[in-house]
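# Structural features, examined
One-letter residues, chain by chain:
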Amino acid sequence: EDAPTGDITTQTCIPHTTTTEASLIAKQHGLFFGANIITAFVRHIDSTGDITWNTQDASPVTPNTPICSIKTQQDSILLIERSMLNIVQKLSGIATLTQEYIQALNNPNISICDTRKTTPRLRFLEKEAVVAGGGSNHRHSLSDMILIKENHLSSMKKNNQLPNLHTIILNAKEKNPKLKAEIEIESIDQLTSLPLSSFDYIMLDNFTHSQLPEAIAYCRKTYPKTKIELSGNITLSTIK
């Protein structure tokens, strides 16, 4: 993507035989994540390139923390640096923000999970970064869970399928015995009117903080074995 016909500027100015050593240094407080990315970039352009590590994945860094040093041809460094840094900075940012949410929550009994709102082709890396920050992976793809969301419920209502929701989910779980089932609920009325005993998770989506105690109490009383998820209206200042 970054050099479809080569690095024209470097090819013009820098001889391939010039060897150099480059250091990767943190500029902010946070968590570092992306050692495999750095290794992959270096090995891609120089199988004999040498990397000396000062920091490991999921390690905290402060400004001026040396992360690693890379010894290879100077033109190779100039070719890979921007693309390599783009990915490593993005992944480190995800790991750092995940940890910030976990620290703000300060409750090991509650998991912080990721979503499918990921960068195309980078999902597996972004989800690894969430784990590096102390979070948990939800579903990796649409194949991993039966998750009835707002759009599904709207379509099912148009097709007059909602009265059969319980049976539909039981049949789906029978055909896919390894998969869990979850439903996204958007109101107290919806929570109390739909049959939800076939679901393993109930997601309370965009509930206000004043509505949550009533909704959670209802879930725990009516579906004591069902896990509760919260989504939406959650920030660093409100998560606790």
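Refer to the structure presented above.
Residues numbered from 1 in each chain as written. Predicted model: local features only at pLDDT ≥ 70, side-chain atom pairs only at ≥ 80, totals over all residues. Heavy atoms only, no water.

## Some thoughts on helix α6 (residues 165–175)
Worth spelling out the cut-off: Relative accessible area decides the class of each residue, using a 1.4 Å probe on protein chains only: under 20% of the type maximum gives buried, over 50% gives exposed, and in between gives partly exposed. To qualify as a helix, a DSSP run of H or I must reach at least 4 residues; to qualify as a strand, a run of E must reach at least 2; elements of each kind are numbered from the N terminus. When we speak of the arc, we mean the arc of directions from the helix axis to the C-beta atoms. Residue contacts follow a heavy-atom distance rule, with two residues in contact if any of their heavy atoms lie within 4.5 Å.
Looking only at α6, the buried set comprises L165, I169 and A172. Each buried residue of α6 sits inside an arc of 60° when the element is viewed along its axis, so together they form one side. Residues E174 and K175 are exposed on α6 and point more than 90 degrees away from its buried face. Turning to α6, the residues buried within the fold contact β6 (146–148), α5 (150–158) and β7 (181–185).

## A short note on the layout of surface pockets
Taking a probe equal in size to a water molecule and rolling it over the atoms shows the remaining empty space. What counts is decided by this rule: In this analysis a 1.4 Å probe is tested at points of a 1 Å grid over the protein atoms alone, and where it fits but cannot get out there is a cavity; an open set with protein on both sides within 12 Å along at least five of seven lines is a pocket; lining residues have an atom within 4 Å of a point. Grid points are joined across faces, edges and corners, and a volume is the space filled by probe spheres set on the points. Under the convention adopted here, Pro, Cys and the residues Ala, Val, Leu, Ile, Met, Phe, Trp and Tyr are nonpolar, Asp, Glu, Lys and Arg are charged, and Gly plus all remaining residues are polar.
Considered as a void within the structure, the second largest pocket measures approximately 640 Å³ in volume. Around the second largest pocket, the lining is made up of 26 residues, and of these I25, A26, K27, I67 and Q89 lie nearest the centre. For the lining of the second largest pocket, the secondary structure elements donating two or more residues are β1 (19–25), β2 (30–32), β5 (66–73) and α3 (74–105). The leading source of residues in the lining of the second largest pocket is α3, at 11 residues. Here the lining of the second largest pocket is built from residues that sort into 15 nonpolar, 8 polar and 3 charged.

## Some points on the packing of α3 against helix α4 (residues 123–132)
In plain terms, the rule: Axes here refer to lines fitted to C-alpha atoms; in helices the fit is confined to the stretch in contact. Angles between the N-to-C directions go from 0 to 180 degrees. Roughly parallel refers to an angle under 35 degrees, roughly antiparallel to one over 145, roughly perpendicular to one between 65 and 115, and oblique to any angle outside these ranges. If you view the pair so one helix is near and one far, a crossing is left-handed when the near helix is turned anticlockwise from the far one by less than a right angle, and right-handed when it is turned clockwise.
Taken N-terminus to C-terminus, the directions of α3 and α4 make an angle of 40°; their axes are 7 Å apart at the nearest point. Classed by the angle they form, the pair α3 and α4 counts as oblique. Viewed along their axes, α3 and α4 form a crossing whose handedness is right-handed. Taking contact as the criterion, the partners of K90, L91, I94, A95 and T98 in α3 are, on α4, L125, E126, A129, V130 and A132. Here the contact of α3 with α4 is built from residues that sort into 7 nonpolar, 1 polar and 2 charged.

## Some details on the sheet that holds strand β9 (residues 227–231)
Our working rule: Strand pairing is defined by DSSP finding a minimum of two bridges between the two strands.
The 4 strands lie next to each other as β6-β7-β8-β9, forming an open sheet whose pairing is parallel. For this open sheet the edge positions go to β6 and β9, each flanked by a neighbour on one side alone. Each strand axis lies, on average, 20° off the axis of its neighbour in the sheet, ignoring direction. Summarising the sheet, β6 and β7 pair through 3 bridges and their orientation is parallel. The residue of β7 that forms the bridge with L147 is E182. Running at roughly 75° to β6, α5 makes contact with β6 and β7 of the sheet.

## Comments concerning the pattern of salt bridges
Quick note on the threshold: By definition, a salt bridge exists where a carboxyl oxygen of Asp or Glu is found within 4 Å of a side-chain nitrogen of Lys or Arg.
Using the criterion set out here, one finds 4 salt bridges in the structure. The salt bridge partner of D114 is K127, with a shortest N-O separation of 2.7 Å. Taken together, the residues D114 in the loop between α3 and α4 and K127 in helix α4 connect sequence positions 13 residues apart. Its salt-bridge partner being E184, residue K149 comes within 4.0 Å of it at the nearest N-O pair. Of this pair, K149 sits in the loop between β6 and α5 while E184 is found in strand β7, placing the two residues 35 residues apart along the sequence. A residue is classified by how much of its surface remains accessible, and K149, at 28% relative accessible area, is partly exposed.

Treat this as a map of the structure, not an account of what it does.
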